[in-house]
Amino acid sequence: MKLTKSFEQSVGAMAILATQVKGVPIASSTIHTRLRTSLTYGQKIIRKLVKAGLVASVSGQNGGFCLAKDAKDISCLDVVEAVEGPVQTFRNEKLLDRVFNDGNKQTVKEADETLKEIFNEADEQWCNYLRKISIEDIITRVLGNEDYHEIDWNQVSSSRELLLSKILRSGR
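Residues numbered from 1 in each chain as written. Predicted model: local features only at pLDDT ≥ 70, side-chain atom pairs only at ≥ 80, totals over all residues. Heavy atoms only, no water.

1. Concerning the overall build of the chain
Piece 1. Scanning the chain for helices and strands turns up eight helices and two strands.
Piece 2. The linear arrangement of helices and strands in the chain, starting from the amino end, is α-α-α-β-β-α-α-α-α-α.
Piece 3. The buried share of the chain, reckoned over its 172 residues, is 35%.
Piece 4. Carbon and sulfur atoms form 50% of the exposed surface of the chain, whose accessible area is close to 10,900 Å². (Helix = DSSP H or I, 4+ residues; strand = E, 2+ residues; numbered from the N terminus. Buried < 20%, exposed > 50% of the residue type's maximum accessible area, 1.4 Å probe, protein only. Areas by Shrake-Rupley, 256 points an atom, 1.4 Å probe, with all protein chains shown as cover.)

This is the structure we're talking about:
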């Protein structure tokens, strides 16, 4: 399975939402300005995250988006499945059946089932690993500490980039 750009953008959006001051929703335009992505494409991604129950939509004049649950409770697998769909790396085109099709139906069935089993096991191992990595783990690895500071991303402007950089790196 090759992850698309949507996955990386989703993780970026989740990192922004996870570091946002609690109780203060973020406008979608703020998220996409920070990520330097298309607003319409980004809104589609956010909708998928909302539909998956990872992000909550807050309506109203000061509305926007926030995490639907703690960052420590949102796995990398949750995000992959929200934007990419279920993990399935092998599409069975039954080409191996053609190789072993000698009129013996049992051999053809075994060829088909063997490849499915191998890739299903690989998918399950990958899913188990991604299930163990949370959005909070990713942020901690990036920032180098477990005690990262919350930021009101709605108030961040280019003139405050240096200050933001210092806040993110404090405690490193």
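2. Describing helix H3 (residues 39-51)
Piece 1. When the terminal C-alpha atoms of H3 are compared, their 18 Å separation across 13 residues agrees well with the 18 Å that a helix rising 1.5 Å per residue should span.
Piece 2. Along H3, the positions that sit buried rather than exposed are Gly42, Ile45, Ile46 and Leu49. The buried residues of H3 occupy an angular sector of 100 degrees when projected down its axis, which confines them to one face. In H3, the exposed positions angled more than 90 degrees off the buried face are occupied by Thr40, Arg47 and Lys51.
Piece 3. Structurally, H3 contributes buried residues whose contacts are with helix H1 (5-19), helix H2 (28-35), strand S1 (55-58), strand S2 (64-67) and helix H4 (76-84). (Expected span 1.5 Å × (residues − 1). Arc of directions from axis to C-beta. Contact = heavy atoms within 4.5 Å.)

3. A word on the packing of H2 against H3
Piece 1. For the pair H2 and H3, the least separation of the axes is 10 Å and the interaxial angle reads 115 degrees. As the angle between them shows, H2 and H3 are arranged roughly perpendicular. In the packing of H2 onto H3, the handedness of the crossing is right-handed. Each of Ser28, Ser29, Ile31 and His32 in H2 lies in contact with H3, whose residues at this interface are Leu39, Gly42, Gln43 and Ile46. (Axes fitted to C-alpha atoms, helices over the stretch in contact; angles between N-to-C directions. Parallel < 35°, antiparallel > 145°, perpendicular 65-115°, else oblique. Left-handed = near helix turned anticlockwise from the far one by under 90°.)

4. A closer look at the nonpolar core
Piece 1. Ranked by internal contacts, the top residues of the largest apolar core, which has 35 residues, are Met14, Leu17, Leu49, Val79 and Ile135.
Piece 2. Taken together, the elements giving at least two residues each to this core come down to H1, H3, S2, H4, helix H6 (105-132) and helix H7 (135-143).
Piece 3. Sort the elements by how many residues they give to this core and H1 lands first, with seven residues.
Piece 4. In contact with Leu17, other than residues within four places in its own chain, are Ile26, Ile31, Val55, Phe65, Cys66 and Leu67. (Core = buried A, V, L, I, M, F, W, Y, C linked by side-chain atoms within 4.5 Å.)

5. Remarks on the side chain of Gln20
Piece 1. Residue placement: Gln20 occurs in the loop between H1 and H2.
Piece 2. A relative accessible area of 3% places Gln20 in the buried class.
Piece 3. A polar contact of 3.0 Å, which involves the side chain of Gln20, links it to the backbone oxygen of Val24.
Piece 4. Within the structure, Gln20 has its side chain in polar contact with the backbone nitrogen of Trp153 (distance 2.8 Å).
Piece 5. Non-local contacts of Gln20, meaning those with residues more than four positions away in its chain, are made with Pro25, Ile26, Glu150, Ile151, Asp152, Trp153 and Asn154. (Polar contact = N/O pair within 3.5 Å; in protein donor to acceptor, adjacent residues only side chain to side chain.)

6. Regarding the packing of H1 against H4
Piece 1. H4 packs onto H1 with a crossing angle of 130 degrees between their chain directions and a minimal axis gap of 9 Å. On the basis of the axis angle, H1 is oblique to H4. Crossing handedness for the pair H1 and H4: right-handed. Residues Ser6, Phe7, Ser10, Val11 and Met14 of H1 lie in contact with H4, whose contacting residues are Cys76, Val79, Val80, Val83 and Glu84.
Piece 2. Taken together, the residues of the contact of H1 with H4 sort by class into seven nonpolar, two polar and one charged. (Nonpolar A, V, L, I, M, F, W, Y, C, P; charged D, E, K, R; others polar.)

7. A few points about the pattern of salt bridges
Piece 1. What the rule picks out here adds up to five salt bridges.
Piece 2. Two residues, Lys72 and Asp70, come together in a salt bridge whose shortest N-O distance is 3.1 Å.
Piece 3. The class for Lys72 is partly exposed, based on a relative accessible area of 47%. (Salt bridge = Lys/Arg side-chain N within 4 Å of Asp/Glu carboxyl O.)

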